[in-house]
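A closer look at the structure
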Amino acid sequence: MNFSYDVIVVGAGHAGCEAASAAARMGAKTCLITMDMNKIAQMSCNPAVGGIAKGQIVREVDALGGQMGLVTDATAIQFKMLNRSKGPAMWSPRAQCDRAKFITTWRKTLENTENLHIWQDQVCEITVKNGEVTGVTTIWGATFTAHSVIITAGTFLNGLMHIGRRMVEGGRCAEPAAKGLTESITAHGIRTMRMKTGTPVRIDKRSVHFDLMETDYGEDTTQRFSFVSSERPLPQLPCWTTNTNAEVHEVLRSGLKDSPLYNGQIQSIGPRYCPSIETKLVTFAERNQHPLFLEPEGVDTNELYLNGFSSSLPMDIQIAALKKIPCFKDIVIYRPGYAIEYDFFDPTQLSHTLESKIVKNLYFAGQVNGTTGYEEAAGQGLVAGINAALSCNGKETFTLRRDEAYIGVLIDDLVTKGVDEPYRMFTSRAEYRILLRQDNADSRLTPYAEKYGLATAERIHRKNFKEEKLNDLIELCKNVSVKPNEINAFLTEKGTSELKGSSKVYELLTRPQITLEELCENVPSLKTKFGEIIKNDKEIMDCAEIEIKYSGYIHREKEMAEKMQRLENIKIKNRFNYQDLKEISTEGRQKLSAINPETLGQASRIPGVSPSDISVLLILLGR
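Reading guide: rules and limits
- Residues numbered from 1 in each chain as written.
- Predicted model: local features only at pLDDT ≥ 70, side-chain atom pairs only at ≥ 80, totals over all residues.
- Heavy atoms only, no water.
- Pairing = 2+ DSSP bridges.
- Helix = DSSP H or I, 4+ residues; strand = E, 2+ residues; numbered from the N terminus.
- Axes fitted to C-alpha atoms, helices over the stretch in contact; angles between N-to-C directions.
- Salt bridge = Lys/Arg side-chain N within 4 Å of Asp/Glu carboxyl O.
- Buried < 20%, exposed > 50% of the residue type's maximum accessible area, 1.4 Å probe, protein only.
- Arc of directions from axis to C-beta.
- Contact = heavy atoms within 4.5 Å.
- Polar contact = N/O pair within 3.5 Å; in protein donor to acceptor, adjacent residues only side chain to side chain.

What to know about the sheet that holds strand β5 (residues 92-97)
Think of a sheet as strands paired side by side through backbone hydrogen bonds, with each pair either parallel or antiparallel. Strand order in the open sheet formed by three strands is β3-β5-β4, and the pairing between neighbours is antiparallel. The open sheet terminates on both sides in strands that have one partner only, identified here as β3 (48-50) and β4 (76-82). Along the sheet, successive strands turn relative to each other by an average axial angle of 15°, direction set aside.

Right, dumping it as structure tokens:
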């Protein structure tokens, strides 16, 4: 065998799979190195994809030619569009998946990707020469050479698992930790820190009293994650909900003295937005109950996942507490919850391409950058994979702006602000979220996929078809009129003012109470003109309606983005010795020196750099 590659990807989690797939499809000879080929794209915690803001990221990954949306649709067992009661900028798709089929579908995808080879082994060292990465070495003595290396090791770097006072080295339950790789990387001056995450108990379905729980069904909808999926082939399954109670809390509190989070055993940073059940007890001491969500792991298994009960308490405490919940009075579990500590690398040491500023052609993606979540990892992996492949040919790098994608917001936040806890994406992090909706990800990003050879002919055709029909539909709304006698009864019923004269459909749709689908159902003349579109192109109709209803907000955000882009166009990297600029605050000098921002726009987002500091830089640039 020839162990020489263009791109090597270390780790086959969600970041590694997207990175390897993208690099290989762009023509780079790629090797994906994983400790276990049977755990490719393992959903280490919740067997679900998407959610608030995360669903938008998955649609962006799909629009860029990534695989996560396609794999999710192929393995989804429940689908929902979250936040429907709020504005469309907040709508977020989420799917429960079959964990085992998710793995096999990803593995089949990778094994049939041209230019991609998979090697089962553990990387223990990177090799560097003259400040550039040259390859990796494994624990079995295999030596690989490459132009670019992408580190996507997840929670495996010096991983340490905790259940009560017991500690076991490992990157995931029953899987070994990766030893030596962190030390090999930090030897070249790259900073590392520790983080903590956790996962809940897994329950045997046969022991649960479902009649004592509320059933939660998915949506009967044709909507999917991928813009090119044709269907969701698996049966749609329900989830169930219940709550903890005072008795549960009493048992849990009795175990706090042995909790790794509170006995000093764990010192590293944990997630604020996905806290353990013991953290909820301490932080929200006044609450008598917390919601729990019981979710199926697949169509062919009795294993269930208890969302909301992440814990590292002793296993006897976990079981005893759960037995105090009526539906779990006879509970049988497959394994208890546990916490895990692992190494990550300060992401401010990276450029927006996710390349190290210290070691050339070395990229980092996923939880090794301090993030949490499969979706955030996949987005980073895709960007790293594209850039690693571009670097092999000396081509211009690929980055995404904050007004282009949630992935752009994610990466900019990481490399500009760093992390002091596991980073999780929220819609509130995006200042241009009405531009970054889940419904228009293809319009925003598929041109990049086409540019880099990641878009199939079918994807390009569908994107162009959608945009053509979308424009036609908006124009139709602008030109078609409705008379008062046709619609006033309906308007009164909807609680909005009647028409005095004829009105264009476009104007009617600006009213928050009115939808195009309802108009067509209540005005026969409209049903003739719009009926086929509503019947056959629901997503196009929804997208057109959003563009019409929120046209003012969309225009305003575009103007704001264009103004900010002026600062993004001013390149300042390596133009200043910030420590010599006494006109800038001390904190500003320190932060600017540490990060060495690419642009004035990035400098303005660094915590500790004030608007007056930016004004000083503008004046100096003018000189």
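Anyway, onward from the coordinates.
Considering the pattern of salt bridges
Considering all chains together, one arrives at 38 salt bridges under this definition. Among the salt bridges present, the one from Arg107 reaches Glu111, with a minimum N-O distance of 3.5 Å. Here Arg107 and its partner Glu111 are both found in helix α4 (residues 99-111), four residues apart, which amounts to about one turn of the helix. Taking relative accessible area as the criterion, Arg107 reaches 23% and is therefore assigned partly exposed. Note that Glu421 and Arg272 form a salt bridge whose closest N and O atoms lie 2.9 Å from each other. Of the two residues, Glu421 sits in the loop between α10 (406-417) and α11 (441-451) while Arg272 sits in the loop between α6 (246-254) and α7 (277-283), which places them 149 residues apart along the sequence. Relative accessible area serves as the criterion here: at 54%, Arg272 is assigned to the exposed category. Connected through salt bridges with shared partners, the residues Arg402, Asp412, Asp413, Lys417, Glu431, Glu568 and Arg605 form a single ionic network.

Quick word on α6
An α-helix turns once per 3.6 residues; consequently, residues spaced three or four apart project the same way. If you check which residues of α6 are buried, you get Val248, His249, Val251 and Leu252. One face of α6 carries all of its buried residues, which in axial projection span an arc of 160°. Each element contacted by the buried residues of α6 is listed here: α7, β16 (303-310) and α8 (315-322). Residue Asn245 occupies the N-cap position of α6, its side-chain oxygen lying 3.0 Å from the main-chain nitrogen of Glu247.

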